Amino acid sequence: MAMCPICNSFKELEMYCSECSSRLEDSGKVSDFLDPYGHYNDEETVKMGDGYPNTAKDQICPHLMYCNNCGYDEVKFVQEE
């Protein structure tokens, strides 16, 4: 089973805001943001309800990146390994 290298602290995301060039903060998986109790479910169930139809099939993990400076946010899809 593939694992997200960001969720498991094997790697770190380094992205910068396209609006103000500040470093974006990784706010974690989108599913954790949308459902704070979702981490109690198994990963396949979480991926079915994360709002992205191909996360399980494509083995990608959507992370919410947020700019503390200007409020910009975007979703970064991380390839699981």
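Residues numbered from 1 in each chain as written. Predicted model: local features only at pLDDT ≥ 70, side-chain atom pairs only at ≥ 80, totals over all residues. Heavy atoms only, no water.

Glancing now at the pattern of salt bridges. Opposite charge on two side chains permits pairing when their charged atoms draw close. In the structure shown here, the tally under the stated rule is three salt bridges. Of the charged contacts in the structure, one is a salt bridge between Glu-12 and Arg-23, with a shortest N-O distance of 2.7 Å. Of this pair, Glu-12 sits in the segment before strand E1 (25–29) while Arg-23 sits in the segment before E1; the two residues are eleven residues apart in sequence, bridging distant segments of the chain. Look at Arg-23 and you get partly exposed, because its relative accessible area is 39%. Of the charged contacts in the structure, one is a salt bridge between Asp-58 and Lys-57, with a shortest N-O distance of 3.1 Å. On the basis of relative accessibility, which here comes to 63%, the residue Lys-57 falls in the exposed class. (Salt bridge = Lys/Arg side-chain N within 4 Å of Asp/Glu carboxyl O. Helix = DSSP H or I, 4+ residues; strand = E, 2+ residues; numbered from the N terminus. Buried < 20%, exposed > 50% of the residue type's maximum accessible area, 1.4 Å probe, protein only.)

Moving on: the packing of aromatic side chains. By the definition in use, this model includes one aromatic pair. Considering the side-chain rings of Tyr-52 and Phe-77, the 5.0 Å spacing of their centres and the 90° angle between planes classify their relative orientation as edge-to-face. With a gap of 25 residues between them, Tyr-52 in the loop between helix H2 (43–48) and helix H3 (55–58) and Phe-77 in strand E3 (residues 73–79) connect regions that are remote in the sequence. (Phe/Tyr/Trp six-rings, centres within 6.5 Å; stacked < 30°, edge-to-face > 60°.)

Within the secondary structure layout, Ser-31 lies in helix H1 (residues 30–34). Taking the relative accessible area as the measure of exposure, Ser-31 reaches 11% and is therefore buried. Discounting residues that sit within four places of it in the chain, Ser-31 has contacts with Val-46 and Asp-50. (Contact = heavy atoms within 4.5 Å.)

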